[in-house]
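A look at the structure
For reference, the chains in residue letters:
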Amino acid sequence: MGFFGSIMDRLTLGFFRLFSGRLRKKLREAQLEHNRGVWEKEAPERFIEHQNRMRDLSYGHAGALSRKLFFGGRKLSAADNACEVIAVYNALLVLGEEADFPQLLFDFSCRGICFGGVFGTNPAALVRYLKKRGLQTETARGGRIRAERLRELEAVYEVFIFTAFNRGRNPFHMIHTMCVTREGDQWQVHNDGGCRSASGLEDAVLNYNDGKGHPICVIGIRK
């Protein structure tokens, strides 16, 4: 797809920046209180691997039209839109940083949530948040995400977050964001319908969805 594919990558990231914002204070505070109660009962032992089980957690608000168009008429929940926040949570765990998932949902509700949460979270907000935590990051975007570039990142950084179209460069198939970790010789892609094994960062990113996906953003992170 060449030039036009690269344009779609940039347009998608630009869309996230344009519609990145915050929830109303009263709503985000109510969701924080609600989520803390749920999390006490349902927190996983370590990584979050199954986003689709998070229907009792709240992140954002969708109006009637958005619910009808994107969510089959049901109420918006973290199961629909929290993949970017989940990726940050999983990355913080690997780095030995404090990771409080309800607080993370609240923090991104204050800055970074996209179109009230209908489109998840702006990937650039993840970088901003991680830097604020004192972590080092480096980002590859769009057409620059090639095997050689991924090997360069792999050699320097400890953990990775990547965002990809689920199929090709088609926004109507939506996007997904995941965390990639390594423990010794083992590489894992977390919240990829569970936990997917990979041979390295290149395999994790370029073979997402059996190679049908297309990455638009890869973030390397280290202390």
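That block above? That's the structure.
The residue numbers shown here count from 1 along each chain, following its written sequence. This being a predicted model, a pLDDT of at least 70 is required before a residue's local features are given, and a value of 80 or more before pairs of side-chain atoms are given or counted; all residues contribute to the totals for chains, interfaces and linings. To obtain the side-chain values, all non-hydrogen atoms of the structure were included, while hydrogens and water were left out.

With that out of the way, let us pick up the overall build of the chain. Put simply, DSSP H or I for four residues or longer makes a helix, DSSP E for two residues or longer makes a strand, and each gets a number counted from the N terminus. Looking only at helices and strands, one finds 9 helices and 8 strands in the chain. For 223 residues, the compact-globule estimate of 2.2 N^0.38 gives 17 Å, and the chain sits close to it at 16 Å. A burial count over the chain gives 50% of its 223 residues as buried. Any two residues whose heavy atoms approach within 4.5 Å at even a single point are treated as in contact. Contacts spanning at least 24 positions in sequence make up 66% of the contacts within the chain whose residues lie at least 6 apart. Here, Shrake-Rupley sampling with a 1.4 Å probe gives the accessible areas, and only protein chains in the shown set may cover a residue. About 11,200 Å² of surface is accessible on the chain, with carbon and sulfur atoms providing 50% of the total. Radius of gyration: over C-alpha atoms. The globule rule applied is 2.2 Å multiplied by the number of residues raised to the 0.38 power. Whether a residue is buried, partly exposed or exposed follows from its accessible area with a 1.4 Å probe, protein chains only, as a fraction of its type maximum: under 20%, in between, or over 50%, in that order.

Attention now moves to the packing of helix α5 (residues 83-94) against helix α7 (residues 123-132). When two helices pack together, you describe them by how their axes are tilted relative to each other and by the distance separating the axes. The contact between α5 and α7 brings their axes to 10 Å, and the two run at 30°. Here α5 lies roughly parallel to α7, going by the angle between them. Crossing angle aside, the handedness with which α5 passes α7 is right-handed. Side by side, α5 and α7 meet where Glu84, Val88 and Leu92 of the first sit next to Leu126, Tyr129 and Leu130 of the second. Each axis is a line fitted through C-alpha atoms, and for a helix only the stretch in contact is used; angles between axes span 0 to 180 degrees, taken between their N-to-C directions. In this scheme, roughly parallel covers angles under 35 degrees and roughly antiparallel covers those over 145, while 65 to 115 is roughly perpendicular and the rest are oblique. Should the near helix be turned anticlockwise from the far one by less than a right angle, the crossing is left-handed, and should it be turned clockwise, the crossing is right-handed.

The subject of this paragraph is empty space enclosed by the protein. Space inside and on the surface of the protein is sampled on a 1 Å grid over the protein atoms alone, with a cavity defined as a set of points where a 1.4 Å probe fits but cannot get out and a pocket as an open set with protein on both sides within 12 Å along at least 5 of 7 lines; lining residues have an atom within 4 Å of a point. Grid points are joined across faces, edges and corners, and a volume is the space filled by probe spheres set on the points. Applying the stated criterion to the full structure yields 1 cavity of 30 Å³ or more. By volume, the largest cavity is sized at about 40 Å³. What lines the largest cavity is simply Arg28, Gln31, Leu32, Asn35, Ser58, Tyr59, Pro102, Leu105, Phe106 and Ser109. Mapped by element, the contributors of at least two residues to the lining of the largest cavity are α2 (25-42) and α6 (101-110). By the convention adopted, Pro, Cys, Tyr, Trp, Phe, Met, Ile, Leu, Val and Ala count as nonpolar, Lys, Arg, Asp and Glu as charged, and the other residues, Gly among them, as polar. For the lining of the largest cavity, the class distribution of residues is 5 nonpolar, 4 polar and 1 charged.

Every patch collects residues that have over 30% relative accessible area and no salt bridge, joining them within 9 Å if they carry like charges and within 5 Å if they are nonpolar side chains (Val, Leu, Ile, Met, Phe, Trp, Tyr). Any Lys or Arg side-chain nitrogen found within 4 Å of a carboxyl oxygen on Asp or Glu counts as a salt bridge. Residues Phe15, Leu18, Phe19 and Phe115 make up a contiguous nonpolar surface patch of roughly 380 Å² in combined accessible area. Assignment of secondary structure puts Phe115 in the loop between β2 (113-114) and α7.

The next point concerns the environment of Arg111. Relative to the helices and strands, Arg111 resides in the loop between α6 and β2. Spatially, the C-alpha atoms of Arg111 and Leu23 are 8.3 Å apart, while their sequence positions differ by 88 residues. What Arg111 contacts, discounting residues up to four positions off in sequence, is Gly21, Arg22, Ala125 and Arg128.

A few words now on the sheet that holds strand β4 (residues 159-165). Strands were regarded as paired on the criterion that DSSP finds at least two bridges between them. Ordered by their spatial adjacency, 6 strands build an open sheet running β3-β8-β4-β5-β6-β7, and the pairing between neighbours is antiparallel. Strands at the two margins of the open sheet, each flanked by one partner only, are β3 (136-141) and β7 (195-198). Here the average twist between neighbouring strands, direction ignored, is 25°. The pairing of β3 with strand β8 (residues 214-222) spans 6 bridges and is classified as antiparallel. Note on β8: the bridge partner recorded for Gln136 is Arg222. The sheet strands contacting α7 are β3, β4, β5 (175-183) and β8, and the helix crosses β8 at an angle near 0°. Of the strands in this sheet, β3, β4, β5, β6 (186-190) and β8 touch helix α8 (residues 147-156), which is tilted by about 170° from β3.

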